[in-house]
Each structure stands twice: as C-alpha cells, then as structure tokens.
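Coordinates in review
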Amino acid sequence: MSEISIKSTNSPSILKFELENHITKGKNFEYKNIDETKNSPLASKLFYLPFVKTVYISANFIAIEKFSIVEWEDVQNEVAQQIKNFIEDGGVILIEDENPTKKIPITVYAETTPNPSVQKFVCNKLLTNTLLECKNIDDTIASPLAKELFKFSFVKEIFFDENYISITKYEIADWNEITLELRTFIKEYIENGNVVIDESLITKTVVHTKQQDEYFDKLDTTSQQIINILEEYIKPAVQSDGGNIMFESFDADSKKVKVILQGACSGCPSSTFTLKNGIENMLRQMLNDNDLMVEAINA
C-alpha cells in the first residue's frame, strides 16, 4: 500500500487523510461517536483516540475533526500511521450495503466560464426550481450536496440553478487537477439518489422575495421594464456562463440601476466590462434613455 497523504482543509480542526484508491461507492459517511460506527471498523478504532470528534469517510479520503485539546501538527503523522497499519493488517474501512438502491443513470459534464475561478457542472436532469447560492458551509441547510462539496478544501462558493452547479475555487487549486474529482463526485452523489436540494428549506431571503409576482406588481413602470429586459434578453446568456443576474433597484433621480450578480458572474474579472458595454447599452437603447447607469452590488 502507498503512503497516506495528509491534506489540510478550510477548517483548522479538520484534516484529510487521502488514499490513492476510492474507499466508497459514491456515498459519504459521517460519524459523530463510536455508537454510529457499526458499518465502519476503521471509524470505530479512530474514536479510541481521545481527541477525535467526528470522522468523515468519502471518495478516497478519511477526514477527521478534532477537539481543541491537541494540535494537528503534534498528532497527524501518528494518525496517518495508524490508518495505514489498520488497512495493511486487513482491517475493513467500510461495510457497505450489499443491496444498494438502484442507481439513476445521469450525465454530468464540466464547462469553463468567463470567470477563471468558476467551473460549471451541468447535469442532464433538473436539480432545482429555485436558485440557491452558498457562500460557505453555513448556507447549506437546504442542500446536503453543497454541504458535502464544502468538505473539499478547494471549494470556496457554490451556486445552483436549474440543471447546473457553479463552483468557485480558491486560487491555490488548479482546475486541471480537481475538475474530474468534482465531476465524478457530483455524478455519483446524484446517481445514488442523494438529496441535492430540499427547496422547502430554502430561506425566503430578500433576494428570493424579489422573484415573486407580488413584488413585481408593486414596482414602478420603468423598474418593471428593466426586469423584463433582464429576464428576456440578458439572463439566458448569463445562465449559459454559469451565473445569474437579478434586479435589485432603480433610482429615478440618479438613473442608476442596481443588479445582483451570482454564481460565475459574481467577482468575474469581465463582469464590469459586460455591465458597461452590454447590459447598460442594451437598457439605454431599449428604454431610450442614455443617462441610465448599471451597477452591480456584489460583482
């Protein structure tokens, strides 16, 4: 057996111990205590270490969350060696269901976007009717898939809309090295019938409220016209790039239109150019008002 690689994560309390081969068949396991480890002899053994708080097993790694009584630098090599010895001695990592739920065959492919930090993963089935943006793991109450994706140390933000997932990475990672891993994980996760998004749990934020018809009906005529232009002419192109654009407000005195950019469009280096030379010019032309200005509040 090859050496186990030790990898840090976004959380200083969680460390990943990676193997060369996959451990699970597209499933993810989380153990909070030794009583939950009936199907994982390895996790059971790890809980005998007094500093182990949670054990995660997924894809090709075992991730461990520790209590604050120790520092990882003091114990990580010992833990890696224990895992290595356990496997080499014939220990069983997981006992998976011999009669798993029948897989749902799907296709997932990756697309580049104008934002070099964002990759778009497109599925051949509808994932959600309500867009969802997760800036961090605290935003994943409605999406078990997003929660699992944030366990990858290079995942910074996640955006869901219709049949695709836009993932923003940290600069330290290279898409050439992580795209296949993410695509495979997403494909296997969905094929095994796991929940992607529970739309009933999506918080009715201000952003979501502004998508409702009753909100639209209360707006002035110009604001309604701007929304219709964004929805009909601009949003389809933005969605094809893995992002989303939403109307935020219109000030009749300053002639300023504020929009919200999400997914691949948020923070994109080319978004300013797109706003000024595409969206702004289109609104000016279609509304016959050359004084209109467009501003993104989170670009």
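Since the structure is predicted, the reported quantities are computational estimates derived from the model, not experimental observations.

This part is about the nonpolar core. Core analysis: the biggest nonpolar cluster contains 30 residues, and Leu149, Ile158, Phe160, Ile167 and Leu182 have the highest contact counts within it. Put simply, the parts of the chain that give this core at least two residues each are strand 7 (118-123), strand 8 (128-134), helix 3 (144-149), strand 9 (155-162), strand 10 (164-169) and helix 4 (175-191). Apart from residues lying up to four places away in sequence, Ile167 is in contact with Ser117, Val118, Gln119, Phe121, Leu149, Val155, Glu157, Trp175, Leu182 and Ile186.

This paragraph deals with helix 4. Taking 1.5 Å of rise per residue, the 17 residues of helix 4 would be expected to cover 24 Å, and the 23 Å separating its terminal C-alpha atoms lies within 8% of that figure. All of the buried residues along helix 4 are Trp175, Ile178, Thr179, Leu182, Phe185, Ile186, Tyr189, Ile190 and Glu191. Its side-chain oxygen placed 2.8 Å from the backbone nitrogen of Asn176, Asp174 serves as the N-cap of helix 4. Positive phi shows up at Gly193, right after helix 4, with a value of about 80°.

Let us look at the sheet that holds strand 9. Strand pairing in a sheet takes place through backbone hydrogen bonds and is either antiparallel or parallel in direction. Spatial ordering of the open sheet is given by 6-7-10-9-8, a layout of five strands whose pairing is antiparallel. At either margin of the open sheet sits one strand with a lone partner, and together these are strand 6 (108-112) and strand 8. Sheet twist, expressed as the average angle between the axes of neighbouring strands with direction ignored, equals 20°. One ladder, built from four bridges, connects strand 8 with strand 9; its direction is antiparallel. Within strand 9, the position partnered with Leu132 by the bridge is Phe160.

As a further point, take the pattern of salt bridges. A full pass over the atoms with the stated rule returns 14 salt bridges. Across the pair Lys255 and Asp289 runs a salt bridge, and its minimum N-O distance is 2.9 Å. Residue Lys255 is located in the loop between strand 11 (243-251) and strand 12 (256-263), and its partner Asp289 is located in the loop between helix 8 (271-287) and strand 13 (293-296); the two are separated by 34 residues in the primary sequence. Looking at Lys255, the relative accessible area reads 24%, which means it is partly exposed. For the salt bridge of Glu280 with Arg284, the shortest nitrogen-to-oxygen distance reads 3.4 Å.

Inspection of the secondary structure puts Thr113 in the loop between strand 6 and strand 7. Relative accessible area serves as the criterion here: at 13%, Thr113 is assigned to the buried category. Here Asn115 takes part through its backbone oxygen, which lies 2.9 Å from a polar atom of the side chain of Thr113. Polar side-chain contacts of Thr113 include one of 2.9 Å to the backbone oxygen of Val118.

Further remarks concern unusual backbone geometry. Unusually for a residue other than glycine, Glu162 sits at a positive phi of about 50°. By secondary structure assignment, the location of Glu162 is in strand 9. Here Glu162 falls in the partly exposed class, since its relative accessible area comes to 39%. Positioned with a positive phi, Lys255 is a non-glycine residue whose angle comes to about 60°.

Our focus in this paragraph is the confidence of the model for the chain. Of all residues in the chain, 86% have pLDDT values of 70 or greater, and the mean over the chain is 83. When mean pLDDT is compared element by element in the chain, helix 3 scores highest at 94, while helix 5 (residues 206-209) scores lowest at 47.

It is worth spelling out the pairing of strand 2 (residues 14-18) at this point. For strand 2, the tally of buried residues reaches five of five residues, placing the bulk of the element in the interior. Residues Ile14, Lys16 and Glu18 point to one face of strand 2 and Leu15 and Phe17 to the other, with burial holding for every one of them. Taken together, the four bridges between strand 1 (residues 5-8) and strand 2 define a ladder with antiparallel strand orientation. Bridging from a neighbouring strand, Ser5 pairs with Glu18 of strand 2. Between strand 1 and strand 2, which pair antiparallel in sequence order, lie five residues. In the sheet, strand 2 pairs with strand 5 (residues 61-66) via five bridges, with the strands oriented antiparallel. When the sheet's bridge partners are listed, Phe17 is paired in strand 5 with Ile62.

Rules of the game
Residues numbered from 1 in each chain as written. Predicted model: local features only at pLDDT ≥ 70, side-chain atom pairs only at ≥ 80, totals over all residues. Heavy atoms only, no water. Core = buried A, V, L, I, M, F, W, Y, C linked by side-chain atoms within 4.5 Å. Buried < 20%, exposed > 50% of the residue type's maximum accessible area, 1.4 Å probe, protein only. Helix = DSSP H or I, 4+ residues; strand = E, 2+ residues; numbered from the N terminus. Contact = heavy atoms within 4.5 Å. Expected span 1.5 Å × (residues − 1). Polar contact = N/O pair within 3.5 Å; in protein donor to acceptor, adjacent residues only side chain to side chain. Pairing = 2+ DSSP bridges. Axes fitted to C-alpha atoms, helices over the stretch in contact; angles between N-to-C directions. Salt bridge = Lys/Arg side-chain N within 4 Å of Asp/Glu carboxyl O. pLDDT = per-residue confidence, 0-100.

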